[in-house]
Every structure is written in C-alpha cells, then in structure tokens.
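# Summary of the model geometry
The lines below spell out each chain.
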Amino acid sequence: MIIFVVLRVLPGDPLVAMFGLEGFAKLAPADRARIMEDLGLSDPLPVQYARWMRDIAGGSLGRSFFRGDKVSELILHRGPLSAEIGLLSVIISWLVGLPVGIVSALRPNKLPDNVARSLSVLFLAIPGFWLGMLIVLAALFWFNYKAPLVVVHLWQDPWANLQLVIGPAVVLGLGQGAYIARMSRSCLLEVILEDYVRTARAKGVGEAFVVVRHALPNALLPVVTLSGILMGFVLGGSVAVEQAFGVPGLGRALVVAVIERDTIVVQNLVLLYAVIFVVINVAVDLSYAWLDPRIRYH
Amino acid sequence: MSDHASDRRTFLKRAGAASAAVVASRLPVPGSASAQDATVKPDPAAKRGGTLRFGVHTAPAHFDVHQSGTVANIGAQSPMYDYLLRRDPRDGQTIIPDLAQRWEIAPDGKKYTFHLRRGVKFHDGADFTAEDVKATYERIIAPPKGVVIPRTPLFSAVSDVVVLDPYRIEFRLKEARPRAFMLGAFASGWNIIVRKKTLEENAGNLRNVMAYPGTGPFRHVSRRDKEVWIMERNPDYWNKGLPYVDKLEVYHMPPFSPELGSALLTGKIDYGRLLDPVSWRRAKETPGMTAAEFNQSVIQAVFMNNKKPPLGDPRVRRAMHLALDRHALVEVVKDVAPMSVGGFVYPFHELSTPAAELISKRLGYQKDTKPAVQEARRLMAEAGHPNGIRNLTFLVRDAATFKLWAVAIQAMLKETLNIETNLRTVQISQWFEDAAAGNFDLGISAIVSALMDPSDYFTAWYGKDGPQNYSLWTNPAFHDLARQIEREVDDGRRKTMVRQAEAILEQDPPLLPVSYEKIYDAWHNRVRGQNPSTFFGIYDVVRWDNVWLAS
C-alpha cells in the first residue's frame, strides 16, 4: 500500500520514456489523456489498487506499461540470477568473515587482529557499486574481459552463469563479510572468557577443538541474526551492484523501471523484495530454536 | 535537381573531409535519373554469413517506430523495415530509391509520384502494394486518436495520398515545399512502411505489437526485454543478394556507458554506437578496430523563460548568450559525451553559417571570449541590470552532461554578468513537466529534430507555440520569415533567408545554444561495408543490409 501510494505521489511522467523528448513535447492534452487512460493511470487510485491486488492474486502481477511484458515473466527470467547473487554473497561473507573474526578474536590487539579490523573497516566503508566498477574496469583493462551480456541460467551454462554472478556476489559478500568478521570477533571474545571454555582448556582439550566445538556454536547466534539483517542489505545493495556490473538481474530491472516510471514493475519488485526480506527474517528467527536448544524450551 | 548537386558539393567542401568527398563524389545526385538507379547493389567481394552483434541504446519503451522519438526503436527495429526512399548507406546523405523504384516531381512541386517495386513481400508473405504506402502515410499525416507521431508536421502540406494503381502512388500538396525537405521527409528513417492490414487489425496503434511484419532485410526471431533482439536474414528480400549476414543480434545497452564500451572492447559485440569518449578513444588506439565520429540532430541548450522578467528582455538574453564560453563547455564534458560548438542552426548543415566562420568571427562563439563578455556587460547595463540579477531558478536534468554544464554555466554567468542562479536538479520526466508548466527561469536540456532542414525545427524549437519552444519565445519578424522559408522552393533564396533568420536569433535568442551532439561509433575491422563518418544523425541509416563480416 505504501509503495503504491508513494509511486503515485512521486513526480515524473512515464510518457517521456514512451515517446522520447520530441514525441512527448508534441503530445496534445487530449492524446495524453487518452494514453494515460489506456495505461490505466487515469482511473481512481482505489480502482488501480484493486486491480493490482487482483493481478497479485492471479499470479501475473500485471504487465509493464511499455512493452506489455508480464511482470511475473520478468521475475521468473531474472529472479534466479539475483537469487544466486544473494546466496553466493552470503556464503562468501561467511567464508571470509568467520575465519577473519576467529583469527582476530584469538589474537586480540595483535598484528592479525589489527590487520583484520582495518580491512573490515575498509570494506564497511567502500560502497559496493564503486568497488564493482573498479573490478569491472580492472577486468577490462588488465584481462580484456567482460561477463556475458544476457541472462544465462545455471542450468543452461553453469560456467557462463558463474561469470555473471561471481562479481556482484564477491562485492556484496565482502561488504557483508566485514560485518560478520566484526560481529564474530566480539561474540567470540565474550564466549572464550566463559567458565565452560576455561574448563575445557583445563581438561587439556586442544585449542582448535575448544574454539570450534565449544566456543563457536555459542558465538554464532548473533552472527546468524546479523546475516538475516544483512540479507536486506544484499537486496538493496544488489540494485546498485548489478547496475555497476551490468548484470541483467532484478536489481537492474528495478533501476530501469524507476527511470522509465514503469510503476507496475516498480511496485511489484519492491513488493517482492519486501516479501523476501520478511521471509528471511522469519526463517532466521525459526533457526534460533535449532541452533540454541534453550530457546526451544521457552 | 542541379541545385541539390551544388548544395551537396558545398557541404562537402565545408566539411573538409577529403575521404568523404571521394566517396560522395561517386554517388549520384539525389532525385536525378542516376540517383533513381542507385539502389544498393550487392558487392561481389563481400563474404556471406555470420552473426553481426550490434550494441546500441537501451530497449525501446514500445514497438511503434512511427510513434517513437528515440534511437531505442530505430536502432533495434529498422533492419526489419524499408522506406519509400532512403539515404545511401555509403554516405548517409544521398537520397536513393528504396521501395519506390523511381519518382517524379511535378514542375510546380505540388505532386510527388512514386513508382513502387513489384514482387516485394512482407515477412508474413503478403504482397506489398500502394495501399500499404497509403495506409502508412495517412497514419503519419493524420494519426488516429491516442496515437502521436512526431513526424506528422513534416507532411503538413500534403492534402491527398492517392493510389493510382497497385504500384503507383501520388502525394498531392496544398502548396509546394522545398524538394530537399520533402525528399528528406520521405527518406526519414522513422517513416517505415507497414502493412495496411497490420494497422487495421491494431486500430492504428502498434505500441504493444512486438514484431509486426515489414519488408526489410532481416526478420524477427526473438527478443529478450532489455537484453537482446535477434533477427535472421530475410531470404525473400527484394534486393537479391542482400543482406550478407545470416543473423543480427541487437544488444540493448545504455548510451555513453562503460558497459557498452567494455562490451565492444572485449569483443562481446562487433559494432558499438553511442560510445562514451573514453571507450571510443581506446577503440581508436586498438589495433584491429576502427572508430568514427559524425554529427547528430540534437542541440543541447539552456532555455530562458520569457514570461519571467527580466528574461523577456532580448538584451538580457543576448548578454547571457554572449557570456557563455562554448569551447570550455565542450571541454567540460569531453570525457562524458562528444560535443561541438554551434549556434541556432545546425552548424554542419549546408544552409547555416559555416562552423569555421562562426567560431572565427562571431561574438559568442570565439575562443577569445573577452569581446563577447564586454558586449554582454554593455547590454546588461543598457537593460538596467549593471549589477547583475539574483535568484534565478536553474532547472537541470539529472544527467552527467547537464549537471557538469549547469555548474559551469552558473559560474560563467556569475563571473561575467553577476547573474546568480540556484540549481534544481530533477529527473528527466520531471524536467519536461516543469518546463511545460513554466516552473523555471533557466533550464538545461537537449532537443532533437527529425530532419536537419531548418523548416522542421524552426517551427518546433523556435515557432510560436512550437512544442519544444520551452522558452515561450516569440518574435513576429522571425515567425514570418520562418513561414517564408518553409514555402520557398528556390534553394539560393532559401539560404539567404535562413541566414537572415540566424541574424534575428542571434540578436533575440530564444535559447542559449550550449553545443551540438556528436556520435561516436567504433567497430572491429571484421565488420565491413559501413563507415558512418559522413552520416547526418543516427536515425536514417540503420539497416545493415550492405554490411558483411570478413571473418
């Protein structure tokens, strides 16, 4: 409802994208009114909203203003690419962030910790789209390389697909990894001072086993929570990063739709992103019970 | 027709492009008997086969080429269609036959008779006849309700379109128009010929009809929205032996973007159009690649709301016109978009003051800005603003070039005339809403025209109530002269009148010309048969029928 209203309040006219500068300038008021009517934009807002709800219920999500393409087809075609980028970035963030956090926590205020903290601050500060552009330019100028220009699904050509998604996934993953590293460091620092960790060490358990078996599982819970929240950043960040890499995913489709003022596409994609965000957070909440038996009993 | 010959030669002299002159001098005069036999012929040396990958612009917002005003449509869809006449792809200027095999113009200039090719078929197998031409042009001349065609004014003098027989059609005019103007209108890349039946089945609106049949050298195969449009060779193309390539893939990529540049430089595409200057320069330096630049029918300009005092005063507007250092403005955006200095008339058109003369002699265009600034200050004092003007709202379109220019112009106006402006940057669609509503003092944007001929844009840009006259400018003497220019069929007299109009515009500026857009193309040398160096704009020659791949 909010996005529906916001999109209708925002200034801007889809007819500029439709007719170009010259055509738009030559539109007579009567023609303009007729075209807006054809697009369904001159109906009262409640009617437009009800029509959108009907399209959602029917599963089609409506059609783009401009080329008449179904929004559901757009999502099915481009969604897998964005989903892969999201999942890969989470995996990368854990693969990078967790070891860095552990090393940092086990050697606090020593050289590895200082290096790890500096790098994590750096990656927290660097905007994803800027890093993305640097990677694209470096790949171009040093290796004369560019990823495929069109959508290639994993099941069509895994290698071409990987080339499309790996860049954005690495950029988003490194950004998230910085958060994960900082969170896992602070949680682990707290946990390794606990009595049961000291007891394990006193029993003569090896340091690696103490960390992996006793300390880490207890330190991970906040990290899992953080990952859920960061998924929201991935969704938002993917819009800019896909644009920087020129990856034809949903984020890029959203940018184009905003520029074109294709409100049907924008409102459906924002709705989709909102649903995904809610689902991820519910899944994270449910995972607590699995990760921490104490929660299950309460 | 001999007038056309002299005009073209004049142009070529002015352009000073020796290579272009060599090519063009072998081409026939537009409309002459030899031009009418100058259909593009297959080159025996050309290789056949292969896939040509062309990167151009973002995806079209709809599929109706007639209703469009952007290269998004032309770039992707043109290869599927033909026109009545076309610009020769070898020089981009000479008008040669297309679906009309030959044509006659009545001595009084009021009747254009076209003799159409026989045996031409649409992609759905239907025969092409004069009825299709009539339906196409009647739609362009008088669009049905809810359909807007920017080229409608080009044919405002046409009173009747009469089918004489299935392969002969006549356009009758209420009053004569310059032949170069009318032939240019018929050869415009926007005026593709579509089937009468297609128009009837879709109530004259093709915005949502993706692949309506044409007669062109390529047929639709598939399209992925905002990604690629794939076409295949039309085996039944009327021009036997053409096209050479089996498949054409048109990739939709934002103009002037690193994405387009990198796709070309890495060989993901064979030919890139609307390249950014950095990628273009790199392509030019890269062995095995060729780069070309050519003029485009777009002016970048600052509009001044004449309804807001003191901008209604011509002295103030001329002072602002003289205060701009146009060479610096071209330099400011040199890494973003290619531009050139020009005035109120396309600087590269045969009717305008030659660019070299403009830059060396005329105030406001010279590299040394001191004399112009001195005159500007005198005008401001004379207009009662010796201490400048405060608080002008400067409406800026949210695009890299306009944002860079706006800051530079703001500084130039402040430093030279003490005019203070407040920048308000808005998204493109909002810019046009605000401009149309008059919610600005100054506003910077780009405007385009269908033809380079002044009679097209004198009405649209500077005409009273012209659709792109955002300044709401009026000048009765200019409007009278523009009407005469529109009707004058003698090229010599017309040229004199255009120069007079230019003089009026200099003294009473309807806008501040910032620069004229140029187009950067580059391609891998395996692409043969295409050199756009002498093209005028990107709208008339996009068919790829004479292009072949060496490997």
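Residues numbered from 1 in each chain as written. Chains lettered and ligands numbered in written order. Predicted model: local features only at pLDDT ≥ 70, side-chain atom pairs only at ≥ 80, totals over all residues. Heavy atoms only, no water.

The next thing to look at is the overall build of chain B. The number of helices and strands found in chain B is 17 helices and 19 strands. Its C-alpha radius of gyration of 23 Å places chain B within 12% of the 24 Å reference for a compact globule of 551 residues. When its C-alpha atoms are laid out on the principal axes, chain B stretches across 70 × 55 × 45 Å. In chain B, which comprises 551 residues, the proportion classed as buried is 64%. Taken as a whole, chain B presents about 19100 Å² of accessible surface, with 50% of it coming from carbon and sulfur. If you average the places of the 72 positive and of the 63 negative side-chain charges in chain B, the two averages end up 2 Å apart. (Helix = DSSP H or I, 4+ residues; strand = E, 2+ residues; numbered from the N terminus. Rg over C-alpha atoms; globule rule 2.2 N^0.38 Å. Buried < 20%, exposed > 50% of the residue type's maximum accessible area, 1.4 Å probe, protein only. Areas by Shrake-Rupley, 256 points an atom, 1.4 Å probe, with all protein chains shown as cover. Lys, Arg positive; Asp, Glu negative; His and termini not counted. Charge placed at Lys NZ, Arg CZ, Asp CG, Glu CD.)

What follows is about the interface of chain A and chain B. Contacts between the two partners involve 44 residues from chain A, matched on the other side by 50 residues from chain B. Seen at the junction of chain A and chain B, the total is two salt bridges. Between Glu227(B) and Arg78(A) there is a salt bridge whose closest N-O contact spans 3.9 Å. Our enumeration of links across chain A and chain B arrives at six residue pairs in polar contact (both at pLDDT 80 or more). (Contact = heavy atoms within 4.5 Å. Salt bridge = Lys/Arg side-chain N within 4 Å of Asp/Glu carboxyl O. Polar contact = N/O pair within 3.5 Å; in protein donor to acceptor, adjacent residues only side chain to side chain.)

Another aspect to go through is the pairing of strand β6 (residues 158–165) of chain B. Every other side chain in a regular strand lies on the same face of the sheet, so the side chains alternate between the two faces. Residues and elements named next belong to chain B. As defined by bridge partners, β6 adjoins strand β7 (residues 168–173) across six bridges and the pair is classed as antiparallel. Within β7, the position partnered with Asp165 by the bridge is Arg168. Where β6 folds back onto β7 in an antiparallel hairpin, the turn is made up of two residues. (Pairing = 2+ DSSP bridges.)

So, about empty space enclosed by the protein. Empty space left among the atoms is revealed by rolling a probe the size of a water molecule over them. Residues and elements named next belong to chain B. Enumeration over the complete set of coordinates arrives at three cavities of 30 Å³ or more. In this structure, the second largest cavity encloses a volume near 50 Å³. Residue lining of the second largest cavity: Arg86, Pro89, Gln530, Val541, Val542, Arg543, Trp544, Asp545 and Asn546, and that is the complete set. A per-class count over the lining of the second largest cavity returns four nonpolar, two polar and three charged. (1 Å grid on protein atoms, 1.4 Å probe; cavity = no way out; pocket = protein on both sides within 12 Å on 5 of 7 lines; lining within 4 Å. Points joined across faces, edges and corners; volume = space filled by probe spheres on them. Nonpolar A, V, L, I, M, F, W, Y, C, P; charged D, E, K, R; others polar.)

A few words now on the pattern of salt bridges. Residue and element names in this part refer to chain B. Scanning the model with the defined rule gives 54 salt bridges over all chains in all. Its salt-bridge partner being Arg273, residue Asp521 comes within 2.8 Å of it at the nearest N-O pair. With Asp521 in strand β17 (residues 511–524) and Arg273 in strand β11 (residues 271–273), this pair connects stretches of sequence that are 248 residues apart. The buried category is assigned to Asp521, whose relative accessible area is 0%. The exposure class assigned to Arg273 is buried, which follows from its relative accessible area of 1%. Several salt bridges share partner residues, and in doing so they unite Asp313, Arg315, Glu375, Arg378 and Glu382 into one network.

Our next topic: the packing of aromatic side chains. Evaluation of the coordinates by the stated rule reveals 43 aromatic pairs over all chains. Ring geometry for Phe4(A) and Tyr49(A): centres 5.1 Å apart, planes at 70°, overall edge-to-face. Remark: Tyr49(A) occurs in helix α4 (residues 45–58) and Phe4(A) occurs in helix α1 (residues 2–9); sequence separation between them is 45 residues. For Phe4(A), a relative accessible area of 3% translates into the label buried. Joined through ring pairs, the aromatic side chains of Phe344(B), Tyr346(B), Phe348(B), Tyr457(B), Phe458(B), Trp461(B), Tyr462(B), Trp473(B), Phe478(B), Tyr516(B) and Phe536(B) make up one cluster. Stacked on the ring of Trp229(B), the Lys or Arg Arg223(B) has its end atom at 5.9 Å from the ring centre. When the ring centre of Tyr83(B) is taken as origin, the NZ or CZ atom of Arg543(B), which lies over that ring, is 4.7 Å away. (Phe/Tyr/Trp six-rings, centres within 6.5 Å; stacked < 30°, edge-to-face > 60°. Lys NZ or Arg CZ within 6 Å of the ring centre and 35° of its normal.)

Residues and elements named next belong to chain B. Residues Met320, Ile409, Phe458 and Tyr462 are the most contacted members of the largest nonpolar core, which totals 146 residues. Setting aside residues up to four positions removed in sequence, Phe458 forms contacts with Val345, Gly463, Phe478, Ala482, Ile485, Val498 and Ala501. Listed in part, the 48 residues of the second largest apolar core include Leu84, Ile96, Ala100 and Met182. (Core = buried A, V, L, I, M, F, W, Y, C linked by side-chain atoms within 4.5 Å.)

A few words on the environment of Ala57(A). Note on placement: Ala57(A) falls in helix α4. For the pair Ala57(A) and Gln243(A), spaced 186 residues apart in sequence, the C-alpha to C-alpha distance is 31 Å.

With that settled, the discussion passes to the sheet that holds strand β5 (residues 111–116) of chain B. Residue and element names in this part refer to chain B. Pairing in this open sheet of four strands is antiparallel, and the strands run β4-β5-β7-β6 from one edge to the other. Here the strands that pair on one side only, and so sit at the sheet edges, are β4 (100–105) and β6. Ignoring strand direction, the axes of neighbouring strands in this sheet form an average angle of 20°. Sheet analysis places β4 next to β5, joined by five bridges and oriented antiparallel. Paired with Arg102 across the strands is His115, a residue of β5. Against the sheet, helix α4 (residues 130–141) contacts β5, β6 and β7, and its axis sits at roughly 170° relative to β6. The strands touched by helix α5 (residues 179–186) within the sheet are β4, β5, β6 and β7, with β5 carrying the most contacts at an inclination of about 35°. (Axes fitted to C-alpha atoms, helices over the stretch in contact; angles between N-to-C directions.)

Now for the environment of Pro222(A). All names here are of chain A. Position of Pro222 relative to the elements: it lies in helix α10 (residues 207–245). A residue is classified by how much of its surface remains accessible, and Pro222, at 30% relative accessible area, is partly exposed. Separated by 42 residues in the primary sequence, Pro222 and Ile180 have C-alpha atoms spaced 9.6 Å apart. Once you skip the residues sitting within four places of it in the chain, Pro222 turns out to touch Met183 and Cys187.

Looking now at the side chain of Thr401(B). Its place among the elements puts Thr401(B) in helix α13 (residues 400–417). Sequence-distant contacts of Thr401(B), defined by excluding residues within four places in its chain, comprise Val333(B), Val336(B) and Ala337(B).

Describing two packed helices takes the angle between their axes plus the distance from one axis to the other. Residues and elements named next belong to chain A. One can describe the packing of helix α5 (residues 71–106) onto helix α6 (residues 111–125) by two numbers: an axis separation of 7 Å at closest approach and a directional angle of 140°. Judged by the inter-axis angle, α5 sits oblique to α6. In this structure, α5 crosses over α6, and the sense of that crossing is left-handed. Listed contacts from α6 to Val100, Val103 and Ser104 of α5 are Pro112, Asp113, Ala116 and Arg117. Grouping the amino acids of the contact of α5 with α6 by side-chain chemistry returns four nonpolar, one polar and two charged. (Parallel < 35°, antiparallel > 145°, perpendicular 65-115°, else oblique. Left-handed = near helix turned anticlockwise from the far one by under 90°.)

Residue and element names in this part refer to chain A. Structurally, the position occupied by Leu250 is in helix α11 (residues 250–260). Classification of Leu250 as buried rests on a relative accessible area of 4%. Residues Leu250 and Leu149 lie 101 residues apart in sequence; the distance between their C-alpha atoms is 15 Å. Here Leu250 is in contact with Leu74, Ile75, Arg78, Gly79, Ser82, Glu242, Leu269, Leu272 and Tyr273, once residues within four sequence places are set aside.

All names here are of chain B. Residues Leu242 and Pro243 are joined by a peptide bond in cis, for which omega reads -10°. Tracing the sequence through the fold places Pro243 in the loop between β9 (228–233) and β10 (247–251). Note that the residue after Pro309, namely Pro310, is joined by a cis bond; omega there is 5°. Within the secondary structure, Pro310 is located in the loop between β12 (289–304) and α9 (314–323).

With 18 residues, α13(B) should cover 26 Å at 1.5 Å per step; its first-to-last C-alpha distance of 26 Å lies within 8% of that length. Of all the residues in α13(B), the buried ones are Thr401(B), Phe402(B), Trp405(B), Ala406(B), Ala408(B), Ile409(B), Met412(B), Leu413(B), Thr416(B) and Leu417(B). (Expected span 1.5 Å × (residues − 1).)

For chain A, per-residue confidence averages 84 on the pLDDT scale, and residues scoring 70 or more make up 98% of the total. Of all secondary-structure elements in chain A, the lowest mean pLDDT belongs to helix α13 (residues 293–297) of chain A, at 67, while helix α8 (residues 158–191) of chain A reaches the highest, 90. (pLDDT = per-residue confidence, 0-100.)

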